[in-house]
Amino acid sequence: MRRMIIAGNWKMNGDRDLVRRIAERCSGAGVDGVDLLVCPPFPLLPAMAEQAPAGVALGAQDVSEYASGAYTGEVSTAMLVEAGCRYVLVGHSERRALFGDSNSRVAAKFAAAKGAGLIPVLCVGETLEERDADRTETVVAEQLDAVFDACGADAFREAVIAYEPVWAIGTGRNATPEQAQAVHAFIRKRVADRDAGVADSLPILYGGSMKPDNAETLLSCPDVDGGLIGGASLDPEAFLAIHACARPGG
Ligand code: 13P
C-alpha cells in the first residue's frame, strides 16, 4: 500500500509565528500511513526543524542544481540537508513560469537532490491554454521524460511527483476528481512503462486549490496519494482538516 503525503507549500509566505502555530497544531496529529510535510521559505527552515513534532517532515521549495560556488542567491542540496530537510520541491510551475526553470534545469535539480539523499518532489502540470489545446498529456510527458533522460529508468524510486494543473493553482478552481485521476493514471503508466515496481510505490500528489471541502473526494481517487497545498496550508486548521481527509491507500 502506498503511503499518503499531505504537504504544505508556503511559497513566499509565513513567519516564525506561523512556524510555531503549525508545529503546535501538528503535534499529535499523526495518522497511520499519512505523512505530513511542511515546506516553508528557506529562512524559516531552521525554526521549523527545531519545532516540528516527530512525524512532520521538512522540505524546501527549490534547490540549486550546482553543488557550491559563485551562484549568488542560490541554496545547495548540502545546505538543505544540514538544515534538516528530507524533501525538496523541484519544478514548481511558479519557478518554471516566473524564474525560467526549463525541463532540463528541473531535471538537473532533481538529480542533484537525489544525489544528496533528498527526496525530490517533481511538480508537473499544464496551463489552461495547453489543456484547451488537448496537450495535457504531451506537456506532462515532456516534463517526466526530461527527468528520465537525466536520471535513468528508475528515476522515480525514492521520489514523489505532484500533479499541479497551472490553471488550478491559487485560482479557487480545483481539478475535478475525474480530471485529476485521469492525469495521475497517465503519470503512473508512463513511469510503469520504464519500471513497474517504481510506479506502484510512487506517491503522486495533487495540487491546485485543494481545500478542506474538496480534499476528501480528490484524495479518494485511486491514483491520488496526497496533496500539495498552497493557500490552505497557511491556515493550521485547514491544513490539518485536509490531513484528516487522507486515508492510506486512497
Ligand atoms: P494553492 O493550493 O494555493 O492553489 O497552491 C497550490 C500549489 O501551488 C502548491 O504547490
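In this text the structure is predicted, and so the values were computed from the model without any measurement.

Chemist: For the sheet that holds strand 8 (residues 226-229), give the residues involved together with the corresponding values.
Modeler: To summarise the sheet geometry, strands pair through backbone hydrogen bonds and adopt either a parallel or an antiparallel arrangement. The eight strands are arranged 1-2-3-4-5-6-7-8 in a closed barrel whose pairing can be described as parallel. Mean inter-strand twist for the sheet, computed between neighbouring axes without regard to direction, equals 25°. Pairing geometry for strand 3 (residues 56-60) and strand 4 (residues 87-90), over two bridges, is parallel. For Gly59, the partnering residue across the bridge sits in strand 4 and is Tyr87. Set on the sheet, helix 7 (residues 136-151) makes contact with strand 5 (119-124) and strand 6 (160-163); between it and strand 5 the angle comes to about 155°.

Chemist: Break down the pattern of salt bridges for me, with residues and values.
Modeler: By the definition in use, this model includes 22 salt bridges. With a closest N to O distance of 3.1 Å, Asp17 and Arg21 form a salt bridge. With Asp17 and Arg21 both in helix 1 (residues 16-26) and four residues apart, the pair spans about one turn of that helix. Asp17 gets classed as partly exposed once you look at its relative accessible area, which sits at 34%. Note that Glu237 is salt-bridged to Arg25, the shortest N-O span being 3.0 Å. Of this pair, Glu237 sits in helix 11 (residues 236-245) while Arg25 sits in helix 1, and the two are 212 residues apart along the sequence. A single salt-bridge network, built from bridges that share partners, covers Asp62, Glu65, Arg95, Asp101, Arg105 and Lys109.

Chemist: An account of helix 10 (residues 212-219) is requested, with residue identities and associated values reported.
Modeler: Burial in helix 10 covers these residues: Asn214, Ala215, Leu218 and Leu219. Projection of helix 10 onto a plane perpendicular to its axis shows the buried side chains occupying an angular sector of 125°, all on one side. Where the residues of helix 10 are buried, they touch strand 1 (4-9), helix 8 (177-192), strand 7 (204-207), strand 8 and helix 11.

Chemist: Can you break down the site of the ligand residue by residue, with the values?
Modeler: Lining the immediate environment of the ligand, one finds Asn9, Lys11, His92, Glu164, Ala168, Ile169, Gly170, Gly208, Ser209, Leu228, Gly230 and Gly231. Glu164 is positioned with one of its side-chain polar atoms (N or O) 2.9 Å from an oxygen atom of the ligand. In the model, an oxygen atom of the ligand is placed 2.9 Å from a nitrogen or oxygen of the Gly230 main chain. Among the residues making up the shell around the ligand, the classes are represented as three nonpolar, seven polar and two charged.

Chemist: Outline unusual backbone geometry, supporting the account with residue identities and numerical values.
Modeler: Positive phi, normally seen in glycine, also occurs at Glu158, with a value near 55°. Among the secondary structure elements, Glu158 is positioned in the loop between helix 7 and strand 6. Judged by relative accessible area, Glu158 falls into the exposed class, the value being 60%. Phi is positive for Ser209, close to 55°, though the residue is something other than glycine. Following the sequence through the fold, Ser209 ends up in the loop between strand 7 and helix 10.

Chemist: Tell me what's going on with the environment of Gly14, and back it up with residues and numbers.
Modeler: If you trace the backbone, Gly14 turns up in the loop between strand 1 and helix 1. Note: C-alpha distance between Gly14 and Asp154 (140 residues apart in sequence) is 36 Å.

Chemist: So, the environment of Ile169: which residues are in play, and what are the values?
Modeler: Tracing the sequence through the fold places Ile169 in the loop between strand 6 and helix 8. Here Ile169 falls in the buried class, since its relative accessible area comes to 15%. Taking the C-alpha atoms as reference points, Ile169 and Ala83, 86 residues apart in sequence, are found 28 Å from one another. If we ignore the near neighbours within four places in the chain, the residues touching Ile169 are Lys11, His92, Ser93, Glu94, Glu164 and Gly208.

Reading the values: rules and limits
- Think of each chain on its own: its residues are numbered from 1, step by step along the sequence as written.
- A pLDDT threshold of at least 70 governs which residues receive local features in this predicted model, and a stricter bar of 80 or more applies before side-chain atom pairs are shown or counted, although totals over entire chains, interfaces and linings include all residues.
- Side-chain metrics in this entry use all non-hydrogen atoms of the structure; hydrogen atoms and water are not considered.
- Any two strands are treated as partners once DSSP identifies two or more bridges connecting them.
- Numbering of helices and strands starts at the N terminus; helices are DSSP runs of H or I of at least 4 residues and strands are runs of E of at least 2.
- Angular values range over 0 to 180 degrees, each being the angle between N-to-C directions of two axes fitted as lines to C-alpha atoms, with helices fitted over their stretch in contact.
- Here a residue-residue contact requires only that any non-hydrogen atoms of the pair lie within 4.5 Å.
- Within this document, salt bridges are pairs made up of a side-chain nitrogen of Lys or Arg and a carboxyl oxygen of Asp or Glu, the two lying within 4 Å of each other.
- Exposed residues in this analysis have more than 50% of their type's maximum accessible area, buried residues have under 20%, and partly exposed residues fall in between, with area computed by a 1.4 Å probe over protein chains only.
- Directions are taken from the helix axis to each C-beta atom, and the arc is the one they span.
- If even one non-hydrogen atom of a residue comes within 4 Å of a molecule or strand, that residue is called near it.
- We define a polar contact as two N or O atoms separated by no more than 3.5 Å, with the added condition that, inside protein, one atom must be a possible hydrogen donor and the other a possible acceptor, whereas residues neighbouring each other in sequence contribute only through side-chain atom pairs.
- Each residue receives one of three labels: charged for Asp, Glu, Lys and Arg, nonpolar for Ala, Val, Leu, Ile, Met, Phe, Trp, Tyr, Cys and Pro, and polar for the others, Gly being one of them.

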